[in-house]
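Remarks on the overall topology
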Amino acid sequence: MRDEAGANKLADKISVVRGTMESLTLREQVRLASTSRVLAGVHGNAMSWVIMLPAEPFPCALLEVYPTNISRMHDYVDWSRAAGVRYWSMETPIDPQTA
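Since we're looking at a predicted model, the values are computed, not measured. (Residues numbered from 1 in each chain as written. Predicted model: local features only at pLDDT ≥ 70, side-chain atom pairs only at ≥ 80, totals over all residues. Heavy atoms only, no water.)

Comments concerning helix α3 (residues 75-83)
For α3, every residue scored as buried is listed here: Tyr76, Val77, Ser80 and Ala83. Angular distribution of buried residues about the axis of α3 spans 135 degrees; they occupy a single face of the element. Exposed side of α3, more than 90 degrees from the buried face: Arg81 and Ala82 are the residues found there. Buried residues along α3 sit against β2 (61-67) and β3 (86-92). Just beyond α3, the residue with positive phi is Gly84, at close to 75 degrees. (Buried < 20%, exposed > 50% of the residue type's maximum accessible area, 1.4 Å probe, protein only. Helix = DSSP H or I, 4+ residues; strand = E, 2+ residues; numbered from the N terminus. Arc of directions from axis to C-beta. Contact = heavy atoms within 4.5 Å.)

Next comes the structure, spelled out in structure tokens:
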């Protein structure tokens, strides 16, 4: 957005949930994942929630963050493709023990 008013208008239309899935009940986790448009997180088992992202009416996206100290795997690329979800990844110097 080039202007603050445009950014504020967009912010009114989105909701960001920050936290860990394990703090939610299973029902809450399924509801959250199945109503999300983007799932972003550090590589790990939580990325498997990609299968619950809705592929319609708008494509969803998975952003997988890789700490620089682990080798890249491609598990969630295939999972995303099978679920009809767009996949992106990025590498960052995050220590998974403190993230």
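Now that the structure is up, let's keep going.
Looking at the packing of aromatic side chains
Here the structure, examined in full by the defined rule, presents one aromatic pair. Here the aromatic rings of Tyr76 and Trp79 are separated by 5.5 Å at their centres, their planes lie at 70 degrees, and the arrangement is edge-to-face. With Tyr76 and Trp79 both in helix α3 and three residues apart, the pair spans about one turn of that helix. By relative accessible area, Tyr76 is classed as buried at 7%. Judged by relative accessible area, which is 37%, Trp79 ranks as partly exposed. (Phe/Tyr/Trp six-rings, centres within 6.5 Å; stacked < 30°, edge-to-face > 60°.)

Brief notes about helix α2 (residues 26-34)
The periodicity of an α-helix, 3.6 residues per turn, causes residues three or four positions apart to be oriented the same way. The complete set of buried residues in α2 reads Gln29, Leu32 and Ala33. Around the axis of α2, the buried residues are gathered within 95 degrees of arc, so they sit on the same side. In α2, the exposed residues that point more than 90 degrees away from the buried face are Arg27 and Arg31.

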